[in-house]
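Chains, contacts and geometry: an overview
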Amino acid sequence: MIRILFFLLFFTTVSQAQTFTSTIRGTVKDADTGLPLEGASVRLDNQGVGVNAEKDGSFRFDDIPVGRYVLTISYLGYETVSIPEILLESGKESVHQIKLNPAGRQLQEATVVSSRPVAFNSVQEITIEQTLRYAATYLDPARVATSFAGVAAAHDQANGLVVRGNSPNGMQWRLEGVEIVNPNHLSNAGTFSDRSTQTGGGVNILSTQLLGNTYFMSGAFPAQYGNALSGILDMNLRKGNDEKTEFVAQAGLIGLDLAAEGPFSKKSKASYLVNYRYSFTGLLGAMGVDFGGEINRFQDLSFNINLPTVKAGTFTVFGLGGISSNTFTAERDSSLWEYQKDGRDIIFKNKMGAIGATHALSMGTRTSLNSTLVASGLSLSRESYDIGGVEYSRRRLTEMDEQTKSRISLSSYVTHRFTERSRLRAGMYATRQSDAMYNPKTILNSLTGFVIQPFASWTYHITPTLISEVGLHHLWYSIEGGSKAGRNSLEPRAAIRWQANATQHFSFSYGLHSQLQLPQIYMAGLPPASSVASFNNLDLKPSKSHHFVLGYQKNFSKNNNLKLEAYFQELYDVAISANNENSFSAINLVESYVGEKLSNRGTGRNYGLEATYQKLLTDQFYMLLSGSVYSATYVGSDGIRRDSRFNGGHTFSFTGGKEFKTKKQNIWGVNVKILATGGFRDTPIDLEQSRATNSTVYRQDQAFSIKMKEYFRPDLRIYWKKSKARYSRTLALDLQNVAGVKNDAYNYYDVLQKQIVMQNQLGMIPVLSYRWEF
């Protein structure tokens with residue numbers, strides 16, 4: 001693969017040195033009202049030039065040489081923000097939507113990507129540029145999050161995230177401020193039973209080409225967030241270029257990616273942005289890359305249409321849809337079978353779609369209204385066949401799973417600024433959701449209900465150096481067939497930040513959070529029978545957790561800082577066994593089904609210390625160094641406190657890179673990501689019982705007593721960028737797990753081997769790609 005890369009580079013035509021230019025432009029607006037800030041100062045630091053925003057808040061810098069830049073924006077009475085890591089390439093404008101907040105006393109300069117973060121603590125912003133630059137992200141923002149403190153990948157094959165020791169199922173995906181169904185291809189990727197999960201998958205269906213500001217939060221969420229316990233990935237769409245038509249095309253070993261954006265006409269600011277991807281792993285498999293013997297395919301289409309008006313505000317219409325599959329085909333020659341899976345045909349199919357609209361309206365100089373309507377749906381199926389018959393030519397259906405999920409959500413909130421020191425935001429989310437599931441272990445085939453979540457938060461500058469935020473979130477839910485008990489969850493939220501001096505601040509956040517149980521928990525049960533009493537779990541309350549976070553930040557300069565956070569999470573009302581004394585807890589569930597009556601008597605406890613040092617990309621070098629030490633435990637119905645499934649004990653991540661410029665305006669980049677985390681926990685397998693039943697039987701009284709070996713994965717990305725007068729191109733090679741480390745995934749009893757087998761995670765995955773922007 002390395003030889004192929006250098007072969008392509010050697011035979012690429014080299015143009016004579018000349019200066020290529022492009023444009024940096026955008027708008028500056030009030031973060032609360034959306035009104036333009038005429039006269040705002042916008043400075044392009046690298047060039048030593050500046051302009052003032054026009055009446056509509058717009059600014060522009062034309063004929064700027066391609067390269068890396070930093071924008072600094074200031075306005076009287078507002079915070080000053082610095083936007084680093086701007087990559088300007090020929091053939092494509094760099095467009096920024098900048099939002100400023102009223103100022104108290106602040107750091108020397110608030111270094112942000114576009115606006116103040118949505119939370120005081122435990123929040124990171126993810127940009128398109130980072131997703132394109134970091135090693136082995138595959139244009140997926142969730143994979144960028146593994147570089148953050150306290151975050152670990154649940155499995156190499158998927159983007160499911162373990163946040164502060166919580167199950168990946170505690171995470172929530174949001175689009176344009178509203179929770180949606182699992183927006184990922186191949187949601188069964190990396191699971192023990194090869195069945196789907198609720199919150200992860202092989203890759204995000206929404207291409208990073210469409211993403212604007214994306215926030216990842218890991219605890220103590222503000223009042224507008226609900227129905228999540230561990231983490232939130234809050235994705236927002238960017239609008240297409242409203243002045244110039246632009247295209248992006250990318251081809252690589254895993255498929256094609258095409259994007260287009262531009263104005264509908266020269267007479268309006270209405271614009272479109274659309275992206276299509278087709279991908280398959282067959283070519284990599286032919287090159288010897290092992291995906292567990294599976295062939296994976298996916299394709300998706302996503303779009304965002306921006307429709308500004310003169311007086312009625314701004315409307316957007318957006319959508320995304322994707323289909324994917326993975327297929328494992330058994331060898332028809334049984335002498336080649338080594339493991340039990342080798343004698344099965346397994347077919348998994350995944351379909352997901354969402355469509356929605358937003359409306360943003362400024363109502364005077366102090367008030368704004370924002371509304372979103374989204375409908376999203378998901379359909380999954382899995383079939384497993386045992387191969388038999390004459391010469392193993394026939395197959396028999398032995399396992400079948402089908403799931404569907406739909407969600408229709410309406411959200412609306414009002415932001416009103418009473419004074420420069422006081423702001424109120426209040427609104428509501430209303431959702432109708434339904435689940436259908438077919439599996440022999442579920443008594444119910446469908447589940448329908450409503451989730452209503454009003455909220456309010458008040459931000460107040462107590463002094464120029466002390467800012468507070470208090471809020472209240474209320475979750476009300478209904479499930480057809482369930483009782484009315486436990487339908488309400490009233491959740492207070494609070495945060496405070498003290499600016500000690502121009503370079504450092506301290507902060508504290510608290511929140512009570514809740515999350516509905518998984519569909520397979522509500523739908524588990526036994527039908528009425530003469531010998532066994534029937535049951536279901538419809539009356540379960542949501543699980544809850546108190547989050548406490550204490551934070552400290554030190555800015556050494558406007559482009560690098562140190563963050564420290566200590567956190568404590570106390571979980572309760574966790575679903576555990578109701579009638580038996582055992583080790584089961586919903587805290588440890590990923591994709592498994594449940595076969596017993598449950599109650600809300602379980603508890604859990606997570607606490608830890610996190611540290612992050614970040615140097616943003618300036619002077620052709622960047623670095624993100626993060627680590628944490630933590631504990632994650634739980635108590636089941638037997639009253640014993642145990643390590644939870646994801647109690648790895650520590651995480652460590654190094655993400656960094658260096659760019660090299662040539663005289664011909666080429667850029668070479670070398671990027672490294674190193675992940676080193678404590679091994680997750682596993683439960684011992686009873687070998688004798690497994691042989692007797694011909695299936696994996698665990699020693700539940702010793703649940704999660706085995707600690708798997710330390711996880712270590714180095715990733716590498718090498719790219720070469722070259723500009724022409726009207727286009728730019730990037731040749732890149734990504735190597736996930738460049739060292740080919742065999743990391744543990746899970747143990748199981750293999751019926752063909754008649755012994756316990758350790759399943760490893762992925763080896764080295766090489767992805768070569770070529771990208772054009774014009």
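Description of the structure in this document.

Parameters at a glance
- Residues numbered from 1 in each chain as written.
- Predicted model: local features only at pLDDT ≥ 70, side-chain atom pairs only at ≥ 80, totals over all residues.
- Heavy atoms only, no water.
- Helix = DSSP H or I, 4+ residues; strand = E, 2+ residues; numbered from the N terminus.
- Buried < 20%, exposed > 50% of the residue type's maximum accessible area, 1.4 Å probe, protein only.
- Contact = heavy atoms within 4.5 Å.
- Polar contact = N/O pair within 3.5 Å; in protein donor to acceptor, adjacent residues only side chain to side chain.
- Pairing = 2+ DSSP bridges.
- Phe/Tyr/Trp six-rings, centres within 6.5 Å; stacked < 30°, edge-to-face > 60°.
- Lys NZ or Arg CZ within 6 Å of the ring centre and 35° of its normal.
- Axes fitted to C-alpha atoms, helices over the stretch in contact; angles between N-to-C directions.

Here we come to the environment of Arg 133. Mapped onto the elements of the fold, Arg 133 is located in helix H2 (residues 128–133). Residue classification places Arg 133 among the buried positions, given a relative accessible area of 2%. Sequence spacing of Arg 133 and Leu 320 is 187 residues, and the spatial spacing of their C-alpha atoms is 24 Å. Excluding anything up to four places from it in sequence, Arg 133 contacts Arg 68, Glu 85, Leu 617, Tyr 622, Asn 671, Arg 717 and Tyr 719. One polar contact links Arg 133 to Glu 129, side chain to side chain, over a distance of 2.4 Å.

Our focus in this paragraph is the pairing of strand S18 (residues 246–252). The pairing of S18 with strand S19 (residues 255–263) spans 7 bridges and is antiparallel. Its bridge partner lying in S19, Ala 251 is registered against Leu 256. Two successive antiparallel strands, S18 and S19, enclose a turn made up of 2 residues. Direction of pairing for S18 relative to strand S46 (residues 765–773): antiparallel, over a ladder of 5 bridges. When the bridges of S46 are listed, Ala 249 appears paired with Trp 772.

Another point: the sheet that holds strand S16 (residues 211–217). Taken together, 5 strands build an open sheet; the order of strands is S9-S16-S17-S12-S13 and the sheet is mixed. The open sheet has two edge strands, strand S9 (123–126) and strand S13 (178–179), and neither has a second partner.

All chains considered together, the criterion is met by 18 aromatic pairs. Note on Phe 247 and Phe 774: the rings are 5.4 Å apart at their centroids and 25 degrees apart in plane angle, and the pair reads as stacked. With Phe 247 in strand S18 and Phe 774 in the segment after S46, the pair connects residues that are 527 residues apart, well separated along the chain. Phe 774 gets classed as partly exposed once you look at its relative accessible area, which sits at 39%. Taken together, Trp 498, Phe 506 and Tyr 552 form an aromatic cluster joined through their ring pairs. Sitting above the plane of the Tyr 622 ring, Arg 133 keeps its charged end 4.3 Å from the centroid. The ring of Tyr 567 carries the charged tip of Arg 164 above its face, separated from the ring centre by 4.3 Å.

Within the open sheet, the 3 strands sit side by side as S4-S1-S7. Their pairing is mixed. The open sheet is flanked by strand S4 (58–65) and strand S7 (94–100), the only strands paired with a single partner. Adjacent strand axes in the sheet meet at a mean angle of 20 degrees, parallel and antiparallel pairs treated alike. Where strand S1 (residues 21–30) and S7 come together, 7 bridges link them in parallel fashion. From the neighbouring strand, Lys 29 faces S7, where its bridge partner is Lys 99.

Tracing the sequence through the fold places His 359 in strand S23 (residues 344–362). A polar contact of 2.6 Å, which involves the side chain of His 359, links it to the backbone oxygen of Ala 312. Excluding its chain neighbours within four sequence positions, the residues that come into contact with His 359 are Ala 312, Gly 313, Thr 314, Phe 315, Leu 369, Asn 370 and Ser 371.

Positioned with a positive phi, Leu 139 is a non-glycine residue whose angle comes to about 60 degrees. Classification of Leu 139 as buried rests on a relative accessible area of 11%. Non-glycine residue Asp 619 carries a positive phi angle of around 55 degrees. Note that Asp 619 resides in the loop between strand S35 (598–618) and strand S36 (621–635).

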